[in-house]
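# Chain and residue survey
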Amino acid sequence: ETVDAVADVLQSLAASRQVIVVTHQPLVASRADHQISIDRRGSDDGSTSVVLLDDEQRRGEIARMLGDRLSQGAHIRAEELLSTRGRSPRSGSR
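Predicted, not measured: the structure shown is a model, and the values here were computed from it. (Residues numbered from 1 in each chain as written. Predicted model: local features only at pLDDT ≥ 70, side-chain atom pairs only at ≥ 80, totals over all residues. Heavy atoms only, no water.)

## Points about a nonpolar patch on the surface
Judged by side-chain polarity, Val9, Leu13, Val19 and Val21 come together as a nonpolar surface patch covering roughly 280 Å² of accessible area. In this fold, valine 21 is placed in the loop between α1 (2–14) and α2 (26–30). According to the relative accessible area criterion, valine 21 is partly exposed, its value standing at 39%. (Patch = residues over 30% accessible without salt bridge, like charges linked within 9 Å, V, L, I, M, F, W, Y side chains within 5 Å. Areas by Shrake-Rupley, 256 points an atom, 1.4 Å probe, with all protein chains shown as cover. Salt bridge = Lys/Arg side-chain N within 4 Å of Asp/Glu carboxyl O. Helix = DSSP H or I, 4+ residues; strand = E, 2+ residues; numbered from the N terminus. Buried < 20%, exposed > 50% of the residue type's maximum accessible area, 1.4 Å probe, protein only.)

In structure tokens:
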């Protein structure tokens, strides 16, 4: 419930401002208009990749955040989160 409240506040702020959030919470990430993946590619050279995720990549990343990128159940839940991203269960609208 706390994560949902945070997602509501961030979504409200984003209606009139640019909001950049770093999160490991799938519910918060699913409410975003865009999602970027930042990945450190190795500790030796310190290189980092930054990728703007397309819809399929977002589903995979949300599933990974839910605990299992390979699980069909996680992918179904990720799709549910993304399909309702504009609607909070408490507020009913974006």
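## A few points about the pattern of salt bridges
Within this structure, the stated rule accounts for five salt bridges. With a closest N to O distance of 3.0 Å, aspartate 8 and arginine 31 form a salt bridge. Taken as a pair, aspartate 8 in helix α1 and arginine 31 in the loop between α2 and β1 (36–40) lie far apart in primary sequence, 23 residues in all. The buried category is assigned to arginine 31, whose relative accessible area is 5%. Arginine 77 is the partner of glutamate 80 in a salt bridge, and the nearest nitrogen-oxygen pair spans 3.4 Å.

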